[in-house]
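The chain contents come next:
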Amino acid sequence: IKRLEPFGKDNPRPVFLSRRVKVEEVRRMGHMGQHLRLKLNESGKRFNAIAFQIGDMWVNGTTSLDIVYTLTTDHWGNTEAILLRVLDFRPSST
């Protein structure tokens, strides 16, 4: 993904779709719970994810999601990790 940079008006960031991603943890953020921080598992790989301004779409009891997202890097201390920035989601149909 880094080789595709810089992103901007004429070179938008790639957008991905994953289906039936397992939800391991969800936390609401923001003073009105408008954001979500998620821990997701896709085919045995765990990812942290953030969803801005769409917390009202969350349905309690959801165990898996179809998600549309971009990839970014989360920097914490001296470590870097992939962070999924969720643009849209819906509970997965089984």
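Structure: above.
The structure contained in this document is the topic of the report that follows. (Residues numbered from 1 in each chain as written. Predicted model: local features only at pLDDT ≥ 70, side-chain atom pairs only at ≥ 80, totals over all residues. Heavy atoms only, no water.)

1. Some words on the side chain of T62
Turning to its location among the elements, T62 is positioned in the loop between β3 (45–51) and β4 (64–76). By relative accessible area, which is 14% here, T62 ends up buried. At 2.5 Å, the side chain of T62 forms a polar contact with the backbone oxygen of V59. Residues contacting T62, with those up to four places away along its chain left out, are V23 and P91. (Helix = DSSP H or I, 4+ residues; strand = E, 2+ residues; numbered from the N terminus. Buried < 20%, exposed > 50% of the residue type's maximum accessible area, 1.4 Å probe, protein only. Polar contact = N/O pair within 3.5 Å; in protein donor to acceptor, adjacent residues only side chain to side chain. Contact = heavy atoms within 4.5 Å.)

2. Observations concerning the nonpolar core
Formed by 16 residues in total, the largest nonpolar core has its most connected members in L40, I67 and F89. Ignoring anything within four residues of it in the chain, the contact list for F89 reads L36, I54, M57, W58, L65, D66 and I67. (Core = buried A, V, L, I, M, F, W, Y, C linked by side-chain atoms within 4.5 Å.)

3. Overview of the sheet that holds β4
With mixed pairing, 5 strands are arranged side by side around a closed barrel as β1-β2-β3-β5-β4. Within this sheet the neighbouring strands show an average axis-to-axis angle of 45°, counted without direction. Where β3 meets strand β5 (residues 79–91), 3 bridges bridge the pair, whose relative direction is parallel. Bridging from a neighbouring strand, I50 pairs with R85 of β5. (Pairing = 2+ DSSP bridges. Axes fitted to C-alpha atoms, helices over the stretch in contact; angles between N-to-C directions.)

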